[in-house]
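Take a look at the letters that make up each chain.
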Amino acid sequence: MKMPRTSRAAVVPEPNAPLVIKEFEIPELRPGAALLKVANGGVCGTDVHLWHGKLAGVPYPLILGHEAVGRIEAIGDREIRDLDGNVLTLGDRVAFHDVHDTCYACWNCLIAKAPTKCTNRKVYGITMDSTKWPYLIGGHSEYMYLLPGTHIIKIPDNVSFDGAAAVGCALPTAVHTVHRSPLGWGKNVVVQGAGPVGLMIGMLAKINGAATITMIDQAPNRLEMTKKFGATHTLNIRETTLEERKQELLDITGGHGPDIVYEATGSALAIPEGIELVREGGAYTICGQYTDSGTVEINPHLMNRKHLDIRTVWGSETTHVYQAVKTIAQNYDRFPFESLVTHRFTLDEAQKALETQESHASLKAVISPHGKQ
Ligand SMILES: [Zn+2]
Ligand SMILES: [Zn+2]
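In short, a report on the structure. Every chain begins its residue count from 1, and numbering advances along the sequence as written. To read the labels, note that chains go from A and ligands from 1, taken in the order they are written. pLDDT decides what is reported in this predicted model: residues at 70 or higher carry local features, side-chain atom pairs at 80 or more are listed and counted, and totals for whole chains, interfaces and linings draw on all residues regardless. Side-chain figures throughout are based on the complete set of non-hydrogen atoms in the structure, without hydrogens or water.

## Considerations on the pattern of salt bridges
Moving on, step 1. Take a side-chain nitrogen of Lys or Arg and a carboxyl oxygen of Asp or Glu: if they are within 4 Å of each other, that pair is a salt bridge. Tallying each qualifying case throughout the model produces 14 salt bridges.
Moving on, step 2. Note that Arg8 is salt-bridged to Glu142, the shortest N-O span being 3.9 Å. Within this pair, whereas Arg8 is found in strand S1 (residues 6–11), its partner Glu142 is found in the loop between strand S7 (122–123) and strand S8 (143–146), the two being separated by 134 residues in sequence.
Moving on, step 3. By relative accessible area, Glu142 is classed as buried at 15%.
Moving on, step 4. The salt bridge partner of Lys246 is Glu276, with a shortest N-O separation of 2.8 Å. You can see Lys246 sitting in helix H6 (residues 242–252) and its partner Glu276 sitting in helix H7 (residues 270–277), a full 30 residues away along the chain.
Moving on, step 5. Here the salt bridges do not stand alone but share partners, grouping Arg8, Glu142 and Asp348 into one network. In DSSP terms, a helix is any run of H or I states spanning at least four residues, a strand is any run of E spanning at least two, and both are numbered starting from the N terminus. Three exposure classes are used, based on accessible area relative to the maximum for each residue type with a 1.4 Å probe and protein chains only: buried under 20%, partly exposed in between, and exposed over 50%.

## Some points on the coordination of the zinc ion (ligand 2)
Moving on, step 1. Of the protein atoms, only Cys44 (SG), His66 (NE2) and Cys169 (SG) coordinate the zinc ion (ligand 2), at distances of 2.0 to 2.3 Å.
Moving on, step 2. In primary sequence terms, the donor set of the zinc ion (ligand 2) follows C-x21-H-x102-C. Taken as a pair, His66 in the loop between helix H1 (45–51) and strand S4 (68–75) and Cys169 in the loop between strand S9 (152–154) and helix H3 (170–179) lie far apart in primary sequence, 103 residues in all. Judged on exposure class, the residue His66 and its partner Cys169 are both buried. Donor atoms are limited to N, O and S found within 2.8 Å of the metal ion, a distance that becomes 3.2 Å for Na, K and Ca. With water left out, some sites might look partial.

## Observations regarding the packing of H3 against helix H9 (residues 318–330)
Moving on, step 1. Axis definition: a line fitted to C-alpha atoms, over the contacting stretch in the case of helices. Angles run 0 to 180 degrees between N-to-C directions. The interhelical angle for the contact between H3 and H9, taken along N-to-C directions, is 105°, at an axis separation of 8 Å. One way to sum up the angle between H3 and H9 is to call them roughly perpendicular. Judged by residue contacts, Leu171, Pro172, Val175, His176 and His179 of H3 engage His320, Val321, Gln323, Ala324, Thr327 and Ile328 from H9.
Moving on, step 2. Of the residues contributing to the contact of H3 with H9, the split by class is six nonpolar, five polar and no charged. Angular relationships are summarised with four words: roughly parallel below 35 degrees, roughly antiparallel beyond 145, roughly perpendicular across 65 to 115, and oblique for the angles in between. We call two residues in contact whenever any of their non-hydrogen atoms come within 4.5 Å of each other. Here the term charged refers only to Asp, Glu, Lys and Arg, the term nonpolar to Ala, Val, Leu, Ile, Met, Phe, Trp, Tyr, Cys and Pro, and the term polar to all other amino acids, Gly among them.

## A word on H6
Moving on, step 1. The complete set of buried residues in H6 reads Arg245, Leu249 and Ile252. Take H6 and look down its axis: the buried residues cluster within an arc of 60°, on one side only. What points out from H6, more than 90 degrees from its buried face, is the exposed set Glu243 and Asp251.
Moving on, step 2. Buried residues along H6 sit in contact with strand S10 (188–192), strand S11 (212–217), strand S12 (233–236) and H7. Summarising the geometry, the arc corresponds to the directions from the helix axis toward the C-beta atoms.

## What to know about the sheet that holds strand S15 (residues 309–312)
Moving on, step 1. For two strands to count as paired, DSSP must find a minimum of two bridges between them. Within the open sheet, the six strands sit side by side as S12-S11-S10-S13-S14-S15. Their pairing is parallel. Two strands in the sheet have a free side with no partner beyond their single neighbour: S12 and S15. Sheet twist, expressed as the average angle between the axes of neighbouring strands with direction ignored, equals 15°.
Moving on, step 2. In this sheet, S11 lies alongside S10 in parallel orientation, the contact comprising five bridges. Across the sheet, the residue bridging to Val190 is Thr214, located in S11.
Moving on, step 3. Here helix H4 (residues 196–207) sits on the sheet in contact with S10, S11 and strand S13 (260–263), set at roughly 175° to S11.
Moving on, step 4. Against the sheet, H7 engages S10, S11, S13 and strand S14 (283–286), with an angle of about 160° to S14.

## Quick look at the pairing of strand S3 (residues 34–43)
Each regular strand carries side chains that alternate between the two faces of the sheet.
Moving on, step 1. Among the 10 residues of S3, nine are classified as buried, and the element is accordingly described as predominantly covered.
Moving on, step 2. In this sheet, S4 lies alongside S3 in antiparallel orientation, the contact comprising seven bridges. In the sheet register, Leu35 faces S4, and the bridge partner there is Ala74.
Moving on, step 3. Across four bridges, the pairing between S3 and S8 is antiparallel. When the bridges of S8 are listed, Leu36 appears paired with Met144.
Moving on, step 4. Examined bridge by bridge, S3 and strand S17 (residues 364–367) share three bridges and lie antiparallel to one another. Looking across to S17, one finds that Gly41 is bridged to Ile367.

Spelled out as structure tokens, the structure:
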């Protein structure tokens, strides 16, 4: 297979600026590197926030896209293997962990045992610099340069590229989030936010045997979808008041309130509500504040008086990506994973893709630079 020489990519020149399509030369592959022919570059809520400059330490101009899947187009001068030890060959369908170079040697990795806070980690499409080698570091591009040491995993044969849409980000985040919570059989669970992450948390609650799963959102299309992924109840914040939601949850849970509330909204306003909704002695697990959506007023006395376990979640580890791929493959007939992709765009429509994701019209928009694969 002859390696392509150039790749077009969608570039965010600076925060809030219109996207531009730029052509890059594809650098020669170093030993251990691979070139990914992007099938789907997922558009994430985080991409919208990054477009608006809401995360510190992000280098612009930026090629967005931290959740890409595709085929191995070329491999550098050394054998590479995936996370299961399979030797990768040209044409293999793969996903990869967007976090690169977690060192397992810095203080945060080694002593604090918090590898998602590794001070040496870099994230494709978020903190990597598109002005420096190897340039093609985001998934909103025809091709991506996967650096040596990137954690790649083959997509199982029974899973399509669309079916793997949750692998890049939403499901690993959800896996990490539920690991940080006391989720188990018989629990009454609430999920604030029915975007891809919240949807996947609800699904994992179902797989783990939760008794009730109530999804809260403002988008009817998103709430409708959650019923196909295990939700037992839905509440629309545009149609109910906080008091009504509290009462509804008391009714659903036999008068006690939910054991666990998960936050996956991207809105600061969700936090005081989550503290209101969770039962006394319950758990509140927060993962949706990855980018800065401002400050809110909270009454700490309420938190203290309710005797809560409040935890937050930052990023994901490779094990969560691995578990995400396996979970999808094992439950492919049980949940409609392919229906997560509600909108598909060409590379030239990258800006429209971001705008669609921002409007919540889509559940998951993808950019398919080579058409549907
Ligand atoms: Zn480290
Ligand atoms: Zn994401």
